[in-house]
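Residue strings, one per chain:
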Amino acid sequence: MKYGPPDFERRICPPDQLAERVAHLPRPLVFTNGCFDILHRGHVTYLAQARALGASLVVALNTDASVRRLGKGADRPVNPLEDRLAVMAALDCVDLVTWFDEDTPLARILDARPDVLVKGGDWAVEHIVGATEVAGWGGSVHSIPFEHARSTTDLLKRIRSL
C-alpha cells in the first residue's frame, strides 16, 4: 500500500496563493500569527478561542529568520518552519496556515483581508499589527486574554534545567 501526504498538509498555503485560497473559505475569516515554535496548551486554547470568533481561521507563522530577528535566542526556533507548518495545519481549528519572512505579518493580513484579527493577551489592541487596516474595512480586532499561562521560552528553560 502506498501512502501519500496527509490530508492536513493541503492546509499549508504558500504566501503567493493566500488571497486566492482565502476567497474559498467561509466568512467571517479570522487571522492570527506567531512563531508557534513548540506547541503547548496555551497555544491550542488560544487558537480554538480565535477560531470561535469566525467561520474560518488562517494562521501565519514567522519564518525561521523572522523568529531569530525577534530576539528569542540564537537557538530559536527549535522546530523549523516546515515542521511548524505541518503541526499547525494538523489542528482541526486551523483552516489555512501560511508564513511571512518580514518583521510583521502585515502583507499576509492585506492578502487575507480578514474580518477578525486576533492576537494573544500580551498585545494591546492598539499595538496589533494590521489593526488599523482591518478596522478600516469594517473588521474587528481582539486581544484574547491568556487562559493558561504558558510560554515556549519558559518551557525550554524547564527542559534545559532537567
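Calculation notes
Residues numbered from 1 in each chain as written. Predicted model: local features only at pLDDT ≥ 70, side-chain atom pairs only at ≥ 80, totals over all residues. Heavy atoms only, no water. Helix = DSSP H or I, 4+ residues; strand = E, 2+ residues; numbered from the N terminus. Rg over C-alpha atoms; globule rule 2.2 N^0.38 Å. Buried < 20%, exposed > 50% of the residue type's maximum accessible area, 1.4 Å probe, protein only. Contact = heavy atoms within 4.5 Å. Areas by Shrake-Rupley, 256 points an atom, 1.4 Å probe, with all protein chains shown as cover. Lys, Arg positive; Asp, Glu negative; His and termini not counted. Charge placed at Lys NZ, Arg CZ, Asp CG, Glu CD. Pairing = 2+ DSSP bridges. Axes fitted to C-alpha atoms, helices over the stretch in contact; angles between N-to-C directions. Polar contact = N/O pair within 3.5 Å; in protein donor to acceptor, adjacent residues only side chain to side chain.

As recorded in an unreviewed UniProt entry, the protein chain goes by the name D-glycero-beta-D-manno-heptose 1-phosphate adenylyltransferase, listed as coming from Azoarcus taiwanensis.

Q: Hey, could you run me through the overall build of the protein chain in this one?
A: Of regular secondary structure, the protein chain possesses seven helices and five strands. A compact globule built from 162 residues would reach a C-alpha radius of gyration of about 15 Å, and the protein chain, at 15 Å, matches this within 12%. Taking all 162 residues of the protein chain together, 42% fall into the buried category. A separation of at least 24 residues holds for 72% of the contacts in the protein chain among residues at least 6 apart in sequence. When the accessible surface of the protein chain is split by element, carbon and sulfur atoms take 54% of a total near 8700 Å². Considering the protein chain, the positive charge centre built from 19 side chains and the negative charge centre built from 21 side chains are found 4 Å apart.

Q: Which parts of the structure should I look at to understand the sheet that holds strand 5 (residues 140-144)?
A: Across a sheet, paired strands are connected by hydrogen bonds in the backbone, their directions being either parallel or antiparallel. Pairing in this open sheet of five strands is parallel, and the strands run 3-2-1-4-5 from one edge to the other. Whereas interior strands pair on both sides, the edge strands pair on one side only; in this sheet they are strand 3 (96-100) and strand 5. When the angles between neighbouring strand axes are averaged without regard to direction, this sheet yields 25 degrees. Two strands pair when backbone bridges link them, and strand 1 (residues 29-34) and strand 2 (residues 56-62) are joined in this way by six bridges, in the parallel orientation. Among the inter-strand pairings, Phe 31 is bridged to a residue of strand 2, identified as Val 58. Across the sheet, helix 2 (residues 41-51) lies against strand 1, strand 2, strand 4 (116-120) and strand 5, angled at about 140 degrees from strand 2, the strand it touches most. On the sheet, helix 4 (residues 81-89) packs against strand 2 and strand 3 and is oriented at approximately 165 degrees with respect to strand 2.

Q: Help me understand the side chain of Arg 108 in this model?
A: Summarising the element assignment, Arg 108 is placed in helix 5 (residues 106-112). A polar atom in the side chain of Arg 108 sits 3.2 Å from the backbone oxygen of Trp 99. Look past the residues within four positions of Arg 108 in its chain and what remains in contact with it is Pro 15, Leu 18, Phe 31, Ala 60, Thr 98, Trp 99, Phe 100 and Glu 102.

Q: Even after reading the chapter, I still don't get the pairing of strand 3, so can you show me in this structure?
A: Side-chain direction in a regular strand flips from residue to residue, so the side chains alternate between the two faces of the sheet. Most of strand 3 sits inside the fold, with four of its five residues counted as buried. Alignment of strand 2 against strand 3, held across five bridges, turns out to be parallel. Bridging across to strand 3, Asn 62 finds its partner in Phe 100.

Q: What exactly am I supposed to notice about helix 4 here?
A: Count 3.6 residues to each turn of an α-helix, and residues three or four apart come out pointing the same way. Every buried residue of helix 4 is listed here: Leu 81, Arg 84, Leu 85, Ala 86, Met 88 and Ala 89. Buried residues belonging to helix 4 abut helix 2, strand 2, helix 3 (64-69) and strand 3.

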